[in-house]
Amino acid sequence: MHELGVAFYVVRDVKAVAEENNVEKVTAVTLEIGEVSGVVHEYLVDVWNWARKKEPIMDEAILKIEQITAITFCDNCESEYPTVAHGKICPHCGSEHTWLKKGKEFLIKEIEVQ
C-alpha cells in the first residue's frame, strides 16, 4: 500500500510550506490525482486521517481529492479519448499507436489555512 508513503510525503510538504509562510493551522489540503495514477482514494483518505494527526499544525486538516480524467492521444488519427473506457486501442481508428496524455498526475493543488 503506497498510499501510506504518499500521505506522509504530502503531510511533510504541506507542513514545510506552512512553516515557510508562518501558518499556524492548516484546515484543508486539496489534491489532484490522475484517474490511472494507481492511488486508491479511499485508502489515501484513511491513511491521511491517521498521518495528519502526527503534526499539530495540521491535525484537523481535511483532505479533498479532485480526480483528473485519464485521456489518451492517438498518433494515427490525432484524436483524444477517455483512457479507462477504451484502454490503449483508439476507438476512432483502431490504432495501438497511442500514448497517455494525462491521468497519472499527483499534485498538491491547494492548502487552506486559518
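Residues numbered from 1 in each chain as written. Predicted model: local features only at pLDDT ≥ 70, side-chain atom pairs only at ≥ 80, totals over all residues. Heavy atoms only, no water.

**Notes on the environment of Ile-68**
- Within the secondary structure, Ile-68 is located in strand 2 (residues 62-68).
- Its relative accessible area of 15% is what places Ile-68 among the buried residues.
- For the pair Ile-68 and Lys-54, spaced 14 residues apart in sequence, the C-alpha to C-alpha distance is 29 Å.
- Discounting chain neighbours no more than four positions away, the residues touching Ile-68 are Glu-32, Ile-33, Gly-34, Glu-35, Lys-102, Gly-103 and Glu-105. (Helix = DSSP H or I, 4+ residues; strand = E, 2+ residues; numbered from the N terminus. Buried < 20%, exposed > 50% of the residue type's maximum accessible area, 1.4 Å probe, protein only. Contact = heavy atoms within 4.5 Å.)

**Re the packing of aromatic side chains**
- By the definition in use, this model includes two aromatic pairs.
- Consider the rings of Phe-8 and Trp-50, whose centres lie 5.6 Å apart with planes at 85 degrees: the pair is edge-to-face. With Phe-8 in helix 1 (residues 3-20) and Trp-50 in helix 2 (residues 41-51), the pair connects residues that are 42 residues apart, well separated along the chain.
- Where Phe-73 meets Trp-99, the ring centres are 5.4 Å apart and the plane angle is 50 degrees; that geometry is what we call tilted. Within this pair, whereas Phe-73 is found in strand 3 (residues 71-74), its partner Trp-99 is found in strand 5 (residues 98-102), the two being separated by 26 residues in sequence. (Phe/Tyr/Trp six-rings, centres within 6.5 Å; stacked < 30°, edge-to-face > 60°.)

**Focus on the side chain of Thr-83**
- Among the secondary structure elements, Thr-83 is positioned in helix 3 (residues 83-86).
- For Thr-83, a relative accessible area of 13% gives the class buried.
- From its side chain, Thr-83 meets the backbone nitrogen of Ile-71 in a polar contact 3.4 Å long.
- Apart from residues no more than four positions distant in its own chain, Thr-83 is found in contact with Ala-70, Ile-71, Thr-72 and Leu-100. (Polar contact = N/O pair within 3.5 Å; in protein donor to acceptor, adjacent residues only side chain to side chain.)

**Observations regarding helix 2**
- Here helix 2 has its buried residues at His-41, Leu-44, Val-47, Trp-48 and Ala-51. Projection of helix 2 onto a plane perpendicular to its axis shows the buried side chains occupying an angular sector of 130 degrees, all on one side. Turned more than 90 degrees off the buried face of helix 2, the exposed positions are Glu-42 and Asp-46.
- Along its buried surface, helix 2 packs onto helix 1, strand 1 (26-34), strand 2 and strand 6 (106-113). (Arc of directions from axis to C-beta.)

**Details of the sheet that holds strand 4 (residues 80-82)**
- One open sheet holds the three strands; their spatial order is 4-3-5, and the pairing between them is antiparallel. Of all strands in the sheet, those bounded by a partner on one side alone are strand 4 and strand 5. On average, each strand axis in the sheet is inclined to that of its neighbour by 35 degrees, with strand direction left out of account.
- Across four bridges, strand 3 lies against strand 5 in antiparallel orientation. Across the sheet, Phe-73 pairs through a bridge with Trp-99, a residue of strand 5. (Pairing = 2+ DSSP bridges. Axes fitted to C-alpha atoms, helices over the stretch in contact; angles between N-to-C directions.)

**A short note on the sheet that holds strand 6**
- An order of 2-1-6 is seen for the three strands of this open sheet, with the pairing classed as mixed. Every interior strand has two partners, whereas the edge strands, strand 2 and strand 6, have only one. The mean angle between the axes of side-by-side strands here comes to 20 degrees, regardless of whether they run parallel or antiparallel.
- As paired strands, strand 1 and strand 2 are joined by seven bridges and run parallel to one another.

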